[in-house]
Protein chains: 2
Amino acid sequence: MKARVTVTLKNGVLDPQGKAIGNALHSLGFPGVGAVRQGKVFDVEIAETDRTAAEAALSAMAEKLLANTVIENYSVEIIG
Amino acid sequence: MKARVTVTLKNGVLDPQGKAIGNALHSLGFPGVGAVRQGKVFDVEIAETDRTAAEAALSAMAEKLLANTVIENYSVEIIG
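The name an unreviewed UniProt entry assigns to chain A is Phosphoribosylformylglycinamidine synthase subunit PurS, from the organism Prosthecomicrobium pneumaticum. Within the UniProt record for chain A, the comment given under Subcellular location (unreviewed entry) is "Cytoplasm".

Written out as structure tokens, the structure is:
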């Protein structure tokens, strides 16, 4: 089973990297760009065949390693 | 308009970071994990109101800055 875990910063958490990217996009000629927020995606292959169990395991992986849950949100999506 | 640009490594490109994460997940007690590939997501606010023009602008941003198109793929998704 293939899944995607998307990790993004919580609202209100400053994102200097995103700000720098936004400024760079402006200087590259994209004036219409507003806020830019950067996050991470993890495409994970998992041996689990039961969808619910896979989602539970992926959430546990996010809680333990993939996301810093103090400042980040995560979402789990089973792809195929 | 809000959009998400997802940047992932092309198939065949080695991902040492993903490998390290996979190993870490194994040692954290997730034996069923196979390959792990890490990518980036950019949540971008864009002043454009026309969907097609927004997608074109976002693709141009990915081509110019957000993705290294030699080793990375990108996808553009209009969120709202």
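*Asks:* Can you lay out the interface of chain B and chain A for me, pointing to particular residues and giving the numbers?
*Replies:* Frequently, the measure chosen for interface size is the accessible area that the parts lose on association. Counting from both sides, the interface comprises 31 residues of chain B and, opposite them, 31 residues of chain A. The contact between chain B and chain A buries some 2500 Å² in all, and 69% of this surface belongs to carbon and sulfur atoms. It is F30, V41 and L65 of chain B that lose the most area in chain B upon contact with chain A, and together they represent 19% of the buried surface on that side. Seen at the junction of chain B and chain A, the total is zero salt bridges. On the surface where chain B and chain A come into contact, there are ten residue pairs in polar contact (both at pLDDT 80 or more). Looking at the side of chain B that touches chain A, the elements with two or more residues in it are β1 (2-9), α1 (16-27), β2 (33-46) and α2 (51-66) of chain B.

What counts and what doesn't
- Residues numbered from 1 in each chain as written.
- Chains lettered and ligands numbered in written order.
- Predicted model: local features only at pLDDT ≥ 70, side-chain atom pairs only at ≥ 80, totals over all residues.
- Heavy atoms only, no water.
- UniProt positions renumbered as here; feature names shortened; annotations may be inferred.
- Contact = heavy atoms within 4.5 Å.
- Buried area = accessible area lost by both parts, 1.4 Å probe.
- Salt bridge = Lys/Arg side-chain N within 4 Å of Asp/Glu carboxyl O.
- Polar contact = N/O pair within 3.5 Å; in protein donor to acceptor, adjacent residues only side chain to side chain.
- Helix = DSSP H or I, 4+ residues; strand = E, 2+ residues; numbered from the N terminus.

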